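# Tertiary structure, described
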Amino acid sequence: MSESDLRYGFGRNWAAFVDKNLSDATVQASMDHLCRVLKRDRLDGMRILDIGCGSGIHSLAMKRLGAAEVVGFDYDPHSVATSQRVRDWSGIAEGWSIAQGSVLDRAYMQALGSFDLVYSWGVLHHTGAMWDAVRHAAIPIREGGEFYIALYSSDTYVDPSPEEWIAIKKAYNFASPLKKKLMEADHLYRQVIVPELKAGRSALAAIRNYGSRGMNIWADIKDWLGGYPMEFAGLHETQDFVARQIGLPMVNVVNGEGCTEYVFADPAQNAHWRTCNAQRALQPLYGPFQSVGGYGFQAHLPAHAAVADDNGFNQRSRLMLFEDGVPLGLAHTIHELIRNRGAGRFSHWQDWLVFSARDNTDPNANGRSYSFCLDY
Ligand SMILES: C[S@@+](CC[C@H](N)C(=O)[O-])C[C@H]1O[C@@H](n2cnc3c(N)ncnc32)[C@H](O)[C@@H]1O
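Residues numbered from 1 in each chain as written. Predicted model: local features only at pLDDT ≥ 70, side-chain atom pairs only at ≥ 80, totals over all residues. Heavy atoms only, no water.

## A word on the overall build of the chain
- Looking only at helices and strands, the chain has 13 helices and 15 strands in total.
- Computed over its C-alpha atoms, the radius of gyration of the chain comes to 20 Å, within 12% of the 21 Å expected for a compact globule of 376 residues.
- If one aligns the C-alpha atoms of the chain with their principal axes, the spans along those axes are about 60 × 50 × 35 Å.
- The 376 residues of the chain split such that 54% are buried.
- Excluding contacts between residues fewer than 6 apart, the proportion of contacts in the chain whose partners are at least 24 apart in sequence is 71%.
- Accessible surface, the chain: about 16100 Å² in total, of which carbon and sulfur atoms supply 51%. (Helix = DSSP H or I, 4+ residues; strand = E, 2+ residues; numbered from the N terminus. Rg over C-alpha atoms; globule rule 2.2 N^0.38 Å. Buried < 20%, exposed > 50% of the residue type's maximum accessible area, 1.4 Å probe, protein only. Contact = heavy atoms within 4.5 Å. Areas by Shrake-Rupley, 256 points an atom, 1.4 Å probe, with all protein chains shown as cover.)

Written as structure tokens, this is what we have:
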């Protein structure tokens, strides 16, 4: 196989994942995650498009949350077959269709009709033409609808750099089965265990708490190392692209792991997000902010220490930080990256909020306002 033909077989990984992990608990984890990110208790009556449906587990979670109709499609026939198997297992026959198709096929996307929610988790960066895929994915969003996507984060993957990762992925795809296993173990050690220890956090807790969407750490490591073609997207790059090209502002963001999750919707046309925004009572942050070196500054937030990240729960905090009323998004960042790279990265850690300005200026002197809310 030549490099230009290289395409990872996600579908086989999904088939193996479903063989070992399909359970009501797995589906429930996906339901909980969907509700958290979409800030809803139910998806009653919604028409949802699941682009790159993979295992089909998230489509099932949507149906169990009351979606009237879920249309799932995937490029890989093994993903399509796995989703169909999950649908058979669920016993849900109505309002759930599964097909083979590509988000890069513009005519296919135009023929799908319109949806209240377009969902595409961890897919668009694997198409070989990520920004075209984002544009196409947005075609079926109805007026006032919601767009929920997850893309590999260039804000998180800085060392090794995105270019080095692409070389590692190519090597993995060409490696023998034994070499693949060694690369997977090496990845767990270098990318999960060492960073957690360096950040003073518990690596065991990170492994134990892995899988907020019902996923499994080994399936995700295989997907990560194998997943090719692939591209990376920065949070602010994506936020600006979708605002400019699709006309939707970012209304929610979850980051701190490999993929950043974004929800875009126009609150002027979407009553749910209008209400959510109104309920986010922004509290001003008052300086002076103390420098922690480099681009990093800190504010003391002792009243919110109980809901902050700490050694045991490195993704617990739901604090959203705003600069001039716009969410900065890059939560849960290790402090070394805040100091060295800045660019709006922040961490709500124990008693402290450690943060940086989006343009790396001094927040004591840049004339911007900073505020936060605890988004539950
Ligand atoms: C990492 S998996 C994510 C699966 C699922 N969305 C999830 O969150 O578990 C990526 C999926 O995107 C699919 N995919 C890749 N390129 C695609 C394309 N052009 N159109 C539709 N699906 C595609 C792959 O076959 C794979 O099932």
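## A closer look at the packing of aromatic side chains
- By the definition in use, this model includes 18 aromatic pairs.
- Between Trp14 and Phe17, the ring centres sit 5.7 Å apart and the planes meet at 85 degrees, which makes this aromatic pair edge-to-face. One end of the pair is Trp14 and the other is Phe17, both in helix α1 (residues 10–21) and three residues apart, which spans about a single turn.
- Note on Trp14: relative accessible area 13%, which makes it buried. (Phe/Tyr/Trp six-rings, centres within 6.5 Å; stacked < 30°, edge-to-face > 60°.)

## Regarding the sheet that holds strand β2 (residues 69–74)
- Overall, mixed pairing links the seven strands, which are arranged β3-β2-β1-β4-β5-β7-β6 in an open sheet. Looking at the sheet topology across the chains shown, the edges are occupied by β3 (96–100) and β6 (250–254). The average undirected angle you get between the axes of adjacent strands in this sheet is 15 degrees.
- Looking at chain direction, β6 and strand β7 (residues 259–264) are connected through four bridges and run antiparallel. Within β7, the position partnered with Val253 by the bridge is Tyr262. (Pairing = 2+ DSSP bridges. Axes fitted to C-alpha atoms, helices over the stretch in contact; angles between N-to-C directions.)

## Section: a negative patch on the surface
- On the surface, a cluster of negative charge is made up of Asp159, Glu163, Glu164 and Glu336.
- With respect to the helices and strands, the residue Asp159 is situated in the loop between β5 (141–152) and α7 (162–174).
- A residue is classified by how much of its surface remains accessible, and Asp159, at 67% relative accessible area, is exposed. (Patch = residues over 30% accessible without salt bridge, like charges linked within 9 Å, V, L, I, M, F, W, Y side chains within 5 Å. Salt bridge = Lys/Arg side-chain N within 4 Å of Asp/Glu carboxyl O. Lys, Arg positive; Asp, Glu negative; His and termini not counted. Charge placed at Lys NZ, Arg CZ, Asp CG, Glu CD.)

## Brief notes about α1
- Compared with the 16 Å implied by 1.5 Å per residue over 12 residues, the 16 Å span of α1 between its first and last C-alpha is a close match.
- Taken together, the buried positions of α1 are occupied by Phe10, Gly11, Asn13, Trp14, Phe17 and Val18. The arc enclosing the buried residues of α1, seen along the axis, measures out at 155 degrees, which places them on a common side. Projecting away from the buried face of α1 at angles above 90 degrees are the exposed residues Arg12, Asp19 and Lys20.
- Turning to α1, the residues buried within the fold contact α2 (24–38), α3 (57–64), α4 (77–90) and α10 (217–226). (Expected span 1.5 Å × (residues − 1). Arc of directions from axis to C-beta.)

## Details of the domain arrangement of the chain
- Split by domain assignment, the chain resolves into domain 1 (3–155 + 229–270), domain 2 (162–226) and domain 3 (280–374).
- Just the C-alpha atoms count here: the centres of domain 2 and domain 3 sit 28 Å apart.
- Counting residues at the interface gives nine residues for domain 2, matched by nine residues for domain 3.
- In total, domain 2 and domain 3 occlude about 620 Å² of area from one another, counting both sides; carbon and sulfur atoms represent 43% of this.
- At the boundary of domain 2 with domain 3, the tally comes to zero salt bridges.
- Counting every contact that joins domain 2 to domain 3 gives two residue pairs in polar contact (both at pLDDT 80 or more).
- Counting only elements with at least two residues in the side of domain 2 that touches domain 3, the list comes to α8 (177–198) and α9 (203–208).
- Residues that form the side of domain 2 that touches domain 3 fall into these classes: three nonpolar, three polar and three charged. (Domains from an automatic or database assignment. Buried area = accessible area lost by both parts, 1.4 Å probe. Polar contact = N/O pair within 3.5 Å; in protein donor to acceptor, adjacent residues only side chain to side chain. Nonpolar A, V, L, I, M, F, W, Y, C, P; charged D, E, K, R; others polar.)

## With respect to unusual backbone geometry
- A cis amide bond, omega 5 degrees, links Tyr228 with the succeeding residue Pro229.
- Within the secondary structure layout, Pro229 lies in the loop between α10 and α11 (235–246).
- Here Gly287 and Pro288 are connected by a cis peptide whose omega angle stands at 0 degrees.
- Examined against the element boundaries, Pro288 turns out to sit in the loop between β8 (283–284) and β9 (290–293).
- Positioned with a positive phi, Asp324 is a non-glycine residue whose angle comes to about 50 degrees.
- Within the secondary structure layout, Asp324 lies in the loop between β11 (319–323) and β12 (326–327).
- Located in the positive-phi region is Gln350, a residue other than glycine, with phi close to 50 degrees.
- Tracing the chain through its elements places Gln350 in the loop between β13 (346–349) and β14 (352–355).
- Overall, the relative accessible area of 36% leaves Gln350 in the partly exposed class.

## Some thoughts on the site of the ligand
- Contacts to the ligand come from 22 residues, most closely from Gly52, Asp74, Trp121, Arg213 and Asp223.
- Tyr75 places a main-chain nitrogen or oxygen 3.3 Å from a nitrogen atom of the ligand.
- Contact with the protein chains hides 97% of the accessible area of the ligand, taken as 600 Å² for the molecule alone.
- Of all the secondary-structure elements, those providing two or more residues to the shell around the ligand are α1 and β2.
- Per-class residue counts for the shell around the ligand are eight nonpolar, nine polar and five charged. (Near = heavy atom within 4 Å.)

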